[in-house]
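# Reading the structure
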Amino acid sequence: MPLFEKPGALKVAMVAGEASGDVLGAHLIDAIRARHPNAEFAGIGGPRMVARGLKTQVPQERLAVRGYLEVLRRLPELLGIRRRLKQALLAERPQVFVGIDAPDFNLGLEKKLKAAGIPTVHYVSPSVWAWRPERVARIGESVSRMLCLFPMEPPLYEKYGVPVTFVGHPLAHEVPMMPDARAMREQLGLPRAAPVFALLPGSRVSELDYMAPPYLAAARLLLAEFPDATFLVPLATRATMARFDEIVARCKAHDLPIRKLIGHAQMAMIASDVVLVTSGTATLEVALTKRPMVIAYKLSALTYRIVKRKIRLPWVGLPNILAGRPLVPELLQHDATPEKLAAEVSRIWHDKAYQAELNAEFTRLHESLLADTDQLAAGAVLEVAR
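Residues numbered from 1 in each chain as written. Predicted model: local features only at pLDDT ≥ 70, side-chain atom pairs only at ≥ 80, totals over all residues. Heavy atoms only, no water.

### Comments concerning the pattern of salt bridges
A complete count under the given rule lists 17 salt bridges for this structure. Between E344 and R347 there is a salt bridge, with its nearest N and O atoms 2.9 Å apart. Remark: R347 and E344 occur in helix α15 (residues 338–350); sequence separation between them is 3 residues, near one turn of the helix. Accessibility expressed as a relative area gives 35% for R347, which makes it partly exposed. (Salt bridge = Lys/Arg side-chain N within 4 Å of Asp/Glu carboxyl O. Helix = DSSP H or I, 4+ residues; strand = E, 2+ residues; numbered from the N terminus. Buried < 20%, exposed > 50% of the residue type's maximum accessible area, 1.4 Å probe, protein only.)

Now the structure itself:
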């Protein structure tokens with residue numbers, strides 16, 4: 001079955017490897033279709049992109065892996081998916097290919113497509129400012145245009161002559177500048193005064209395997225201090241919901257006052273007093289909702305040793321990186337114990353002055369990321385398209 005079927009339509013190929021990319025891709029599809037109503041979209045994406053008409057070749061979850069060991073275990077499958085998609089795209093020759101994040105998957109594909117004369121756009125710069133900055137020159141071999149979400153990124157590409165556009169971060173538009181926690185609690189049917197904590201163990205099944213058990217154990221410790229607390233757990237997909245249920249059963253955590261949500265992570269953040277969040281894009285969303293947080297992350301021991309040697313910055317959380325200082329606590333690998341996680345969440349809940357300071361810092365961060373993201377991104381993609 002061909003990827004594209006409308007004669008004469010603008011053919012846009014896209015690959016988004018995880019939930020955050022699915023959001024970006026959905027907004028980009030909307031913005032392109034507003035200018036080209038007959039445009040066709042095909043590749044790999046999640047439920048939001050599919051709902052907007054993307055013809056996805058495999059479920060997005062098949063690309064959502066992390067860490068060296070995890071990728072090695074799945075490498076034959078991932079290479080097979082990429083090879084088949086490359087062959088289809090070379091045969092059908094879309095006007096442009098847009099790789100959304102997932103650099104390990106997309107950049108190699110983009111290099112082949114660009115060499116074959118298909119223009120390529122990469123949406124979301126890899127973290128070249130954090131590790132492996134030498135990648136910029138090689139990235140230029142793969143992309144016709146890089147779209148950057150953060151204002152400190154374009155100069156890194158300009159230095160190497162890589163075409164680049166700063167588009168701002170779409171979350172800066174999605175999240176209100178002054179979220180109303182009281183109204184959100186009412187909407188979710190939560191008590192106005194009792195403690196509410198959000199647990200965000202990750203958008204990938206593999207992240208849940210590492211992060212959900214210590215989060216559940218931390219929740220049990222917090223419940224001992226806050227017996228009337230509620231724990232909100234937003235889960236990105238049905239696959240992560242199913243895995244979370246398995247982990248709850250394995251950890252014998254059915255008695256915890258947990259309220260699961262499919263999606264609605266932003267609602268959970270706004271309604272919460274403190275958020276326990278796995279490092280990634282979600283940490284930025286928590287900052288934009290102006291909520292205090294504790295950032296945690298765990299990997300396999302081998303992957304952690306490799307990554308630790310390569311990282312050039314002292315922090316992994318986006319709020320700390322963008323602020324240039326440790327605004328929020330990070331508990332990584334062996335430090336991400338239930339006891340330390342619970343202690344940090346409790347400390348923050350009691351420290352109202354610190355919460356006020358974070359609110360001011362996060363407001364400044366929010367303002368720096370505001371731009372007409374969807375239109376800027378769509379304009380850049382269409383400019384690159386043949």
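Following the structure, the description resumes.
### Some points on the sheet that holds strand β4 (residues 96–100)
Taken in spatial order, the 7 strands line up as β3-β2-β1-β4-β5-β6-β7 in an open sheet, and their pairing is parallel. Where the open sheet ends on each side, the last strands, each with one partner, are β3 (55–56) and β7 (164–166). Examined bridge by bridge, strand β1 (residues 11–16) and strand β2 (residues 40–44) share 5 bridges and lie parallel to one another. Looking across to β2, one finds that V15 is bridged to I44. Packing against the sheet, helix α17 (residues 373–384) makes contact with β4, β5 (120–123), β6 (145–148) and β7, and its axis sits at approximately 175° to β6. (Pairing = 2+ DSSP bridges. Contact = heavy atoms within 4.5 Å. Axes fitted to C-alpha atoms, helices over the stretch in contact; angles between N-to-C directions.)

### Overview of the environment of Y160
Locating Y160 in the fold gives a position in the loop between α6 (154–158) and β7. Dropping the residues within four chain positions of it, Y160 is found in contact with V136 and A137.

### Description of the nonpolar core
In terms of nonpolar packing, the biggest core is built from 98 residues, with M14, L28, I32, V98, Y123, Y157 and M293 touching the most fellow members. At 8 residues, the largest contribution of residues to this core is made by helix α9 (residues 205–225). If sequence neighbours within four positions are ignored, M14 has contacts with G25, L28, I29, F41, A42, G43, I44, M49, L54, F97, V98 and I100. Ranked by size, the runner-up nonpolar core spans 18 residues in total, among them V15, A42, L89 and I118. (Core = buried A, V, L, I, M, F, W, Y, C linked by side-chain atoms within 4.5 Å.)

### Thoughts on the sheet that holds strand β12 (residues 293–297)
One open sheet holds the 6 strands; their spatial order is β10-β9-β8-β11-β12-β13, and the pairing between them is parallel. The strands lining the two open edges of the sheet, one partner per strand, are β10 (258–262) and β13 (330–332). Between one strand axis and the next, the sheet turns through 20° on average, direction left out of account. Summarising the sheet, strand β11 (residues 274–278) and β12 pair through 4 bridges and their orientation is parallel. Residue pairing in the sheet places V275 in a bridge with M293 of β12. Contacts from helix α12 (residues 281–288) reach β8 (196–200), β11 and β12, with the element oriented near 160° to β11.

### Some remarks on the side chain of S279
Along the polypeptide, S279 turns up in the loop between β11 and α12. Excluding residues that lie within four positions of it along the chain, S279 makes contacts with E207, I295, A296, Y297, V316 and G317.

### Some details on the packing of α15 against helix α16 (residues 352–368)
Direction vectors running N to C along α15 and α16 enclose 85°, while the axes themselves pass 5 Å from each other. Comparing the axis directions of α15 and α16 gives the class roughly perpendicular. Between α15 and α16, the residues in contact are I348, W349 and H350 and K352, Y354 and Q355, respectively. Of the residues assigned to the contact of α15 with α16, the class counts are 3 nonpolar, 2 polar and 1 charged. (Parallel < 35°, antiparallel > 145°, perpendicular 65-115°, else oblique. Nonpolar A, V, L, I, M, F, W, Y, C, P; charged D, E, K, R; others polar.)

### Digging into the pairing of β12
Burial within β12 is extensive, with 5 of its 5 residues counted as buried. Of the two faces of β12, the one holding M293, I295 and Y297 and the one holding V294 and A296 are both buried throughout. Chirality of the crossover, the property in question, places the unit of β11, α12 and β12 among those that are right-handed. Note: β12 against β13, 3 bridges, orientation parallel. Counterpart to A296 in the pairing with β13 is L331. (Right-handed = clockwise from strand over helix to strand, strands pointing away.)

### Some remarks on the packing of helix α4 (residues 103–115) against helix α5 (residues 135–142)
Contact geometry for α4 and α5: axes closest at 7 Å, N-to-C directions at 45°. It follows from the interaxial angle that α4 and α5 lie oblique. Touching L107, E110, K111 and K114 of α4 are I139, G140, E141 and S142, all from α5. Here the residues of the contact of α4 with α5 are counted per class, giving 2 nonpolar, 2 polar and 4 charged.

### Description of the packing of aromatic side chains
Enumeration according to the criterion identifies 3 aromatic pairs in this entry. Here a set of aromatic residues connected by ring pairs shows up, and it is made of F197, F226, F231 and W349. Against the face of F105 rests R82, its NZ or CZ located 6.0 Å from the ring centre. One cation-aromatic arrangement involves K352 over W349; the distance from NZ or CZ to the ring centre is 4.5 Å. (Phe/Tyr/Trp six-rings, centres within 6.5 Å; stacked < 30°, edge-to-face > 60°. Lys NZ or Arg CZ within 6 Å of the ring centre and 35° of its normal.)

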